[in-house]
Amino acid sequence: MAGVGGGNDFQWCFSQVKGAIDEDVAEADIISTVEFNYSGELLATGDKGGRVVIFQREQESKNRPHSRGEYNVYSTFQSHEPEFDYLKSLEIEEKINKIRWLPQQNAAHFLLSTNDKTIKLWKISERDKRAEGYNLKDEDGRLRDPFRITSLRVPVLMPMDLMVEASPRRIFANAHTYHINSISVNSDHETYLSADDLRINLWHLEITDRSFNIVDIKPANMEELTEVITAAECHPHQCNVFVYSSSKGTIRLCDMRAAALCDRHTKFFEEPEDPSSRSFFSEIISSISDVKFSHSGRYMMTRDYLSVKVWDLNMENRPVETYQVHEYLRSKLCSLYENDCIFDKFECCWNGSDGAIMTGSYNNFFRMFDRNTRKDVTLEASRESSKPRAVLKPRKVCTGGKRKKDEISVDSLDFNKKILHTAWHPKENVIAVAATNNLYIFQDKIN
Amino acid sequence: MLGKGAKRKHDKDDDGLEGDAVVAAGRGGGPSKASYTLQRQTIFNMSLMKLYHPRAAVEPSLERRVLINNMLRRIQDELRREGGAQPLPLPLPASPPPEDPADEGFREPPPPPPGLAPPDSCLTPASLLEADASLFCSSPSPHTLLFHGAPSRPTPSPSPSKDGFSSALDEIEELCPDVATTTSPPPGASPQGPQLSPMLPAGGDLKARKPDVRGVVMATDPQPGSLDMSPCPPLSSSSSSTTSSSSSGFLTDLALDDILFADIDTSMYDFDACTSASGTGAAKIAPVMTADDLVKTLSPYGGPGTGPTSAAPSQPFKMDLAELDHIMEVLVGS
């Protein structure tokens, strides 16, 4: 339906799709994270094969005013390699769990990428000039015979084909025993946090051999472990505040000024359970898979298996808004537990104005909720609706009874096609949706 | 339902099991109690399968293990509260705190309490964990090893084991005075003798039986062998369905956490290493039952009390044994 994310005439259109088309999807090509940078000019993706691909938006062309700038490949590099933990005899996956951009401070771009164990700071820089006319060496690099040099010349900078280089500037390793699930750059632009299942560490971007442990929920006796950390994020403006979510559906807000070890939270967010909907799976579906602050810093959003909740940081006892993503799955939880889909970790994101939120679902569906109008829409990322500037048609899942035309029944949903990662441009209505090994980019239609 | 988008006819009975059970969980009783119990049983079995047969080749996620473990614990607690009988005294986890700061894992298996030293046919994982670790990986079929105890260990004397089990025995005799032994004890059965055979009267009413008691029995009466995956067929759905879960419940209390949370040196204790070493052995486990399949297997048995009409009286007992044996297999990760 029109109206989500913008005015009443608002509609989403297909813009681009990246990735191979064939049915056989290589495991390494599965996209595992998507992130726009602060300006929206760059869009980074990480995949299970440990690679990072960065797309850059073209300048808007005057020749084609109706198509906004397209995203084209800017840089590709291998961020992480598979490793082997000899102590535990286990493989360490090279899958990129998260990418977070640093705010741009000079011509180069910096991002943090992490797998289960190691975080790396990458510098992506452009080179479009090279010096020509050296005295001591030829153009092809061979040293000139010094006796042959009869005159001096000043090397001149000549333009060359643009080369984008990615180089690892810092490697933050050996600080996490458990699998890293989140990284978050602090608003001071000097520090960042990394969270694994049981601990959260605070790093300085310049220092790789040391990090501060600020949260540790590991029990003395591991048999008593019943709750793990699932996500963490720094507050966008207050550099002393961060939140972390748990597998029991709770969020803790901590203030680093209070103590060196933030095991005691400053605020504790939890919604009391609805007794009428209690089932065997209540705990599992309450596990929070993602937590994101709003750009304003006033709200935060959490994603659990069936819903997205918006919390006011000033109110701990319940969320201010709850949006059902795919409530029709509630009666299928047993099957979803059997095939492990119930453990899928969906992410969520805000739009630039915090007026709309987006999250993924199954069958390559993704959902958008407009917080102001309370309208919601289900859209699909599919090759069928991939004609240039084609308007996306809203989809509907039929939950029972008669199935109307164009509706899809719950039993026909493809649970292998899941959209876990989505990103919204920080300023414009451009969204990136990762569907397995394909990246879809949608834009609003200019009316 | 979970295929690749293939269309199916809308079947109203499709979600009968799930729907009923959810409703039953909400309403807490009435005619849906059986389906609630059935679903609980299904989920319990599924959870065990997930923990002991992880699909991924890499280290499974800690969150997933914790959530499944919590699920199992919750079901066990519920069964205990419902059962009411004194469960087997479980050894409290007695692992010393790790001295090495780098030791992040739960590596120490709890030693069994003296009263519970198991006979060699017993499957308490305490014996499993005490067994020479190298035997796990060298043995071609780990489950046979466990069923018959570690070859290098002498048969534990019956007297200490009697302490643990004799109390259970007494309970059994109290509750089931009209026990009739219908199956002969399997080879290597505990020295406690025929009283420990499943005291299931022929084709009869099992409602008087407390589930935990049967669980006690089953725990000491293992039978190796490849078995049908079906955790059914119970004679009466309410009490039988809790049997295997309670028996596995006692065992899993001992085994679960050790195996779950070992972060270091799991190669010795890790079932996965053994099953992968034994190659296709693990692959021979029948596919996981869906809730739908369970409904189908249950249907020949009708409601409680009717029992199988054509099967011989010993048939259901053998099938119960078979069901439990399979759960033992699952536990030991064959």
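Check the entry above for the structure.
Quick caveat, the model's predicted, so the values are computed rather than measured. (Residues numbered from 1 in each chain as written. Chains lettered and ligands numbered in written order. Predicted model: local features only at pLDDT ≥ 70, side-chain atom pairs only at ≥ 80, totals over all residues. Heavy atoms only, no water.)

Peer 1: Just to check I follow, could you spell out the overall build of chain A for this structure?
Peer 2: A count of helices and strands for chain A gives two helices and 32 strands. Counting over 447 residues, chain A shows a buried share of 55%. Residue pairs in contact within chain A that sit at least 24 positions apart in sequence constitute 54% of those at least 6 positions apart. Of the accessible surface of chain A, which amounts to about 20400 Å², a share of 49% is contributed by carbon and sulfur atoms. (Helix = DSSP H or I, 4+ residues; strand = E, 2+ residues; numbered from the N terminus. Buried < 20%, exposed > 50% of the residue type's maximum accessible area, 1.4 Å probe, protein only. Contact = heavy atoms within 4.5 Å. Areas by Shrake-Rupley, 256 points an atom, 1.4 Å probe, with all protein chains shown as cover.)

Peer 1: How should the environment of Leu392 of chain A be read in this particular structure?
Peer 2: Residues and elements named next belong to chain A. The residue Leu392 is located in the loop between strand E27 (376-380) and strand E28 (396-398) in this model. With relative accessibility at 7%, the residue Leu392 sits in the buried group. Each C-alpha atom, one on Leu392 and one on Asp444, is 10.0 Å from the other, the two residues being 52 residues apart in sequence. The contacts of Leu392, once residues within four sequence positions are left out, are Trp12, Cys13, Phe366, Leu379, Glu380, Ser385 and Phe442.

Peer 1: Looking at this model, I keep getting lost on the sheet that holds strand E15 (residues 207-216) of chain A. Mind explaining?
Peer 2: Paired through their backbone hydrogen bonds, the strands of a sheet run either parallel or antiparallel. Residues and elements named next belong to chain A. Read from one edge to the other, the open sheet built from four strands follows the order E12-E13-E14-E15, with strand pairing classed as antiparallel. Of all strands in the sheet, those bounded by a partner on one side alone are strand E12 (182-185) and E15. For this sheet the average axis-to-axis angle between neighbouring strands, irrespective of direction, equals 25°. (Pairing = 2+ DSSP bridges. Axes fitted to C-alpha atoms, helices over the stretch in contact; angles between N-to-C directions.)

Peer 1: Would you explain the nonpolar core in this entry?
Peer 2: Taken as a class, soluble globular proteins show a tendency for nonpolar side chains to be buried jointly. If you look at the biggest cluster of nonpolar residues, it comprises 43 residues, and the most contacted ones within it are Phe281, Tyr305, Leu329, Tyr337 and Ile342 of chain A. Breaking this core down by element, the ones donating at least two residues are helix H1 (282-286) and helix H2 (333-338) of chain A together with helix H2 (33-52), helix H3 (62-83) and helix H13 (314-332) of chain B. A total of eight residues in this core trace back to one element, the largest contributor, which is H2 of chain B. Setting aside residues up to four positions removed in sequence, Tyr305 of chain A forms contacts with Ile285, Ser287, His326, Leu329, Leu333, Leu336, Cys341, Ile342, Asp344, Phe346 and Tyr362 of chain A. Among the nonpolar cores identified, the runner-up in size contains 19 residues, and Phe366, Met368, Trp424 and Val433 of chain A belong to it. (Core = buried A, V, L, I, M, F, W, Y, C linked by side-chain atoms within 4.5 Å.)

Peer 1: Is there a simple way to explain H2 of chain B in this structure?
Peer 2: An α-helix turns once per 3.6 residues; consequently, residues spaced three or four apart project the same way. When the terminal C-alpha atoms of H2 of chain B are compared, their 29 Å separation across 20 residues agrees well with the 28 Å that a helix rising 1.5 Å per residue should span. Of all 20 residues in H2 of chain B, 18 are buried, a share of seventy percent or more. (Expected span 1.5 Å × (residues − 1).)

Peer 1: Even after reading the chapter, I still don't get the sheet that holds strand E25 (residues 356-360) of chain A, so can you show me in this structure?
Peer 2: Residues and elements named next belong to chain A. Strand order in the open sheet made by the four strands is E24-E25-E26-E27, with antiparallel pairing throughout. Sheet topology places strand E24 (348-350) and E27 at the edges, where each strand pairs with a single neighbour. Within the sheet, the average angular offset between the axes of one strand and its neighbour, ignoring direction, is 20°. Where E25 and strand E26 (residues 365-370) come together, five bridges link them in antiparallel fashion. By the bridge assignment, Ile357 is partnered in E26 with Phe369.

Peer 1: Help me understand unusual backbone geometry in this model?
Peer 2: Glycine aside, the phi torsion of most residues is negative, and most peptide linkages are trans. If you check the backbone angles, His189 of chain A has positive phi at about 60° while not being a glycine. Note that His189 of chain A resides in the loop between E12 and strand E13 (191-195).

Peer 1: In this structure, what is going on with the packing of aromatic side chains? I would like to understand it.
Peer 2: For any two aromatic rings, the description comes down to two numbers: the centre-to-centre distance and the angle of the planes. Residue and element names in this part refer to chain A. Per the counting criterion, the structure on display carries 20 aromatic pairs over all chains. When the centroid spacing of 5.2 Å and the interplanar angle of 75° are considered together, the rings of Phe172 and Tyr192 count as edge-to-face. Linking Phe172 in strand E11 (residues 156-172) with Tyr192 in strand E13, this pair joins segments that are 20 residues apart in sequence. In this structure, Phe172 and Tyr192 share a single accessibility class: buried. Ring geometry for Tyr362 against Phe415: centres 4.8 Å apart, planes inclined by 50°, an arrangement best described as tilted. One end of the pair, Tyr362, is in the loop between E25 and E26; the other, Phe415, is in the loop between strand E29 (407-409) and strand E30 (421-424), with 53 residues separating them in the sequence. Owing to a relative accessible area of 1%, Tyr362 belongs among the buried residues under this scheme. (Phe/Tyr/Trp six-rings, centres within 6.5 Å; stacked < 30°, edge-to-face > 60°.)

Peer 1: What is the right way to read the pairing of E25 of chain A from this model?
Peer 2: The side chains of a regular strand alternate between both faces of the sheet. Residues and elements named next belong to chain A. E25 sits mainly inside the fold: five of its five residues count as buried. Counted between consecutive antiparallel strands, the loop separating E24 from E25 contains five residues, among which Asp354 sits at a positive phi close to 65°. The turn linking E25 back onto E26 is made up of four residues, and Asn363 within it adopts a positive phi angle of 60°.

Peer 1: How do you make sense of the packing of H2 of chain B against H3 of chain B when you look at a structure like this?
Peer 2: When two helices pack together, their arrangement is given by the angle between their axes and by how far apart the axes lie. All names here are of chain B. Where H2 contacts H3, the axes come no closer than 10 Å and their chain directions differ by 140°. One way to sum up the angle between H2 and H3 is to call them oblique. The way H2 lies across H3 gives a crossing that is left-handed. Between H2 and H3, the contacting residues are Lys33, Tyr36, Arg40, Ile43, Phe44, Ser47, Leu48, Lys50 and Leu51 on the first element and Arg64, Arg65, Ile68, Met71, Leu72, Ile75, Gln76, Glu78, Leu79 and Glu82 on the second. Of the residues that constitute the contact of H2 with H3, the class distribution is ten nonpolar, two polar and seven charged. (Parallel < 35°, antiparallel > 145°, perpendicular 65-115°, else oblique. Left-handed = near helix turned anticlockwise from the far one by under 90°. Nonpolar A, V, L, I, M, F, W, Y, C, P; charged D, E, K, R; others polar.)

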